[in-house]
Amino acid sequence: MAIGRLPWTGAQARSVNSMLNHAVIGTGSRGLGHVRNFDSTKNCRVIAVCDVDPERLEKAAGIPAASSRVRKYSDYRKLLENVQVDSVSIATCDHWHAPIALAAILAGKHVYIEKPCSHNIHEANLLVKAAVEYKRCVQHGTQRRSSAEDAAAVRAIRDGLIGEVYLAKAVNHQRRQPIGRARPEAPPPGVDYDMWLGPAPEHPFTRNRWHYNWHWFWDYGGGDLVNDGIHQLDGAVWGLGLDRNYPSAIISSGGQLWYDDDHQTPDTQNITYEFARDTGPTKMIIYEMRLWTPYKLEGHDNGTVFYGTQGTVHVGRGKPKAHLDDRQVEINPGQYGIELEGIIPNFIRACLEDDPSRLNSPIQVGAFSTILCHLGNIGTRCGGGRISYEPKKERVSGEGEGLANQLIRGKDRQGYELIYG
């Protein structure tokens, strides 16, 4: 199971043609969307699906127009041995994202990986290293990078529409219902629960640790910061031009103010990322998350607000807008001559051309935003306060640094150790 013990010593050769043979690993609600969207996009067909839940697997296999061609797998390792598969998308629980992605890269596949790309900081760095070493297209599922409207907003900010911009706020302001408490029980019939747990610690099966609710347990997910907030945080990084410029400090606070159930992850987080640079002014990103609020914050349930010396730019579910004094200005891609492919067509084109440079949301960018999320969670889990991160040493200093540095890598269960590089 460990990456170092997989049956590939290097990327396998893949013939380039005009049709991408794609496989989907993880067929929950997001994975079903992958099956539909990849199979309905030009120059791509889904030929395989994989899940440890046989009920979900059967449903996914019946979606493609030519479903008779789709092979079903319960073990991703067997799927990766299929030389007809050119690319895979990964929509499993978070704790399986990086292990499967690394295995796929080593097997010579291109990879579309859902956010967050990893369950900890070390895994994210390994993915970047492997993608570069094996020259694979690895697209991260932060799809705002493929939005022409969002790109126009970024261009407007860069062109000075709202003056000098020093701060952005990533807003995650919504109500997510409590999950109650669930007792241990037997896994559903036919489910390989040991495989589902994978590198996570052994724990009795409960319905709350199963489909979707796994997001709220540290063993498998990272709460709503990595689930939903990553989109708003990534947009803030993009708009401020901070890609791969690590923050000089992260100040976190958070916890459960509302939930009183099986949740482990916070329902409330406030995180400030300070970006002090040798050249240019310090900039900040503030992440505000409240999962008990059925109302919007500054007009957003999920969105990003940029604050300039002459106004603000709002990017969210609607069209981007600038507020200048008493005027509201709509920002349109046509104003800036911006045209972008959707994230899936973009991935398919890059794969068919074997050209990672074509990707709108490459793993280098996705890993950076993922690491920012992990740093925010680390700060929260270590009791709040101020921490800093040294990317070259892959080390945290500051409040609770002993626990913090354990969380950078995590600890894989025996038999599922992640070994690469």
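Look a little higher up for the structure.
Residues numbered from 1 in each chain as written. Predicted model: local features only at pLDDT ≥ 70, side-chain atom pairs only at ≥ 80, totals over all residues. Heavy atoms only, no water.

## Re the state of the cysteines
Overall, the coordinates contain zero disulfides when judged by the stated rule. Of all cysteine sulfurs in the structure, the one in Cys 50 sits closest to Cys 93, which takes part in no disulfide; the separation is 12 Å. A disulfide-free cysteine, Cys 137 has its sulfur positioned 4.6 Å from the sulfur of Cys 351, the nearest such atom. Assessed through its relative accessible area of 0%, Cys 137 is described here as buried. (Disulfide = S-S within 2.5 Å. Buried < 20%, exposed > 50% of the residue type's maximum accessible area, 1.4 Å probe, protein only.)

## A short note on the packing of aromatic side chains
Taken as a whole and judged by the stated rule, the model has 15 aromatic pairs. Residues Tyr 246 and Phe 368 carry aromatic rings whose centres are separated by 4.9 Å and whose planes lie at 70° to one another, so their mutual orientation is edge-to-face. Taken together, the residues span a long stretch of sequence, with Tyr 246 in the loop between α8 (223-240) and β8 (249-255) and Phe 368 in helix α10 (residues 363-381) at a distance of 122 residues. Residue Phe 368 is classed as buried on the basis of its relative accessible area of 1%. (Phe/Tyr/Trp six-rings, centres within 6.5 Å; stacked < 30°, edge-to-face > 60°. Helix = DSSP H or I, 4+ residues; strand = E, 2+ residues; numbered from the N terminus.)

## Considerations on the environment of Ala 367
Relative to the helices and strands, Ala 367 resides in helix α10. When its relative accessible area of 3% is taken as the criterion, Ala 367 is described as buried. The contact partners of Ala 367, leaving out residues within four places of it in the chain, are Cys 117, Ala 124 and Val 128. (Contact = heavy atoms within 4.5 Å.)

## Observations concerning unusual backbone geometry
Between Lys 115 and Pro 116 the backbone carries a cis peptide bond, its omega angle lying at -15°. Tracing the backbone shows Pro 116 in the loop between β5 (110-113) and α5 (121-134). Positive phi is not limited to glycine here, since Asn 43 has a value of about 70°. Structurally, Asn 43 can be placed in the loop between α1 (29-39) and β2 (44-50). Despite not being glycine, Glu 394 has its phi angle at roughly 55°, a positive value. Inspection of the secondary structure assignment puts Glu 394 in the loop between β15 (385-390) and β16 (395-398).

## Concerning the layout of surface pockets
The volume enclosed by the largest pocket comes to roughly 720 Å³. Around the largest pocket sit 37 residues that line it, and Arg 30, Ala 91, Thr 92, Cys 93 and Trp 214 are the ones nearest its centre. The residue inventory of the lining of the largest pocket, partitioned by class, reads 15 nonpolar, twelve polar and ten charged. In this structure, the second largest pocket is lined by 23 residues; those nearest its centre are His 119, Trp 218, Arg 381, Leu 407 and Gly 410. Contributions of two or more residues to the lining of the second largest pocket are made by α5, α10 and α11 (401-409). (1 Å grid on protein atoms, 1.4 Å probe; cavity = no way out; pocket = protein on both sides within 12 Å on 5 of 7 lines; lining within 4 Å. Points joined across faces, edges and corners; volume = space filled by probe spheres on them. Nonpolar A, V, L, I, M, F, W, Y, C, P; charged D, E, K, R; others polar.)

## As for α8
Taking 1.5 Å of rise per residue, 18 residues should cover 26 Å, and α8 covers 25 Å from first to last C-alpha, within 8% of that figure. Maximum bend of α8: about 65°, positioned at Gly 229. Of all 18 residues that make up α8, 18 are buried, and the element is covered over most of its length. (Expected span 1.5 Å × (residues − 1). Bend = angle between axes of the 7 residues up to and from the residue.)

## Focus on the sheet that holds strand β4 (residues 87-90)
The parallel open sheet is built from six strands, whose spatial order is β3-β2-β1-β4-β5-β6. The open sheet terminates on both sides in strands that have one partner only, identified here as β3 (71-73) and β6 (138-140). When strand polarity is set aside, the average angle formed by the axes of neighbouring strands in this sheet is 25°. Examined bridge by bridge, strand β1 (residues 20-25) and β2 share six bridges and lie parallel to one another. Bridge assignment links His 22 to a residue of β2, and that residue is Val 46. (Pairing = 2+ DSSP bridges. Axes fitted to C-alpha atoms, helices over the stretch in contact; angles between N-to-C directions.)

## Overview of the side chain of Lys 109
Relative to the assigned elements, Lys 109 resides in the loop between α4 (94-106) and β5. For the buried Lys 109, which has no salt bridge, the nearest side chain bearing the opposite charge is Asp 86, at an N-O separation of 6.7 Å. Among the polar contacts listed, one links the side chain of Lys 109 to the backbone oxygen of Val 85, at a separation of 2.9 Å. The residues touching Lys 109, leaving out its near neighbours within four places in the chain, are Leu 80, Asn 82, Val 83, Val 85, Asp 86, Ser 87, Ala 104 and Arg 136. (Lys, Arg positive; Asp, Glu negative; His and termini not counted. Salt bridge = Lys/Arg side-chain N within 4 Å of Asp/Glu carboxyl O. Polar contact = N/O pair within 3.5 Å; in protein donor to acceptor, adjacent residues only side chain to side chain.)

## A look at the sheet that holds β15
Spatially, β14-β13-β12-β11-β7-β10-β9-β8-β15-β16 is the arrangement adopted by the ten strands of the open sheet, whose pairing is mixed. Each edge of the open sheet carries a strand with a single partner, namely β14 (327-330) and β16. Within this sheet the neighbouring strands show an average axis-to-axis angle of 20°, counted without direction. Pairing analysis gives four bridges linking strand β11 (residues 302-308) to strand β12 (residues 312-315), with the strands arranged antiparallel. From the neighbouring strand, Phe 306 faces β12, where its bridge partner is Val 313. Seen against the sheet, α11 touches β15 and β16 and runs at an angle of roughly 160° to β16.

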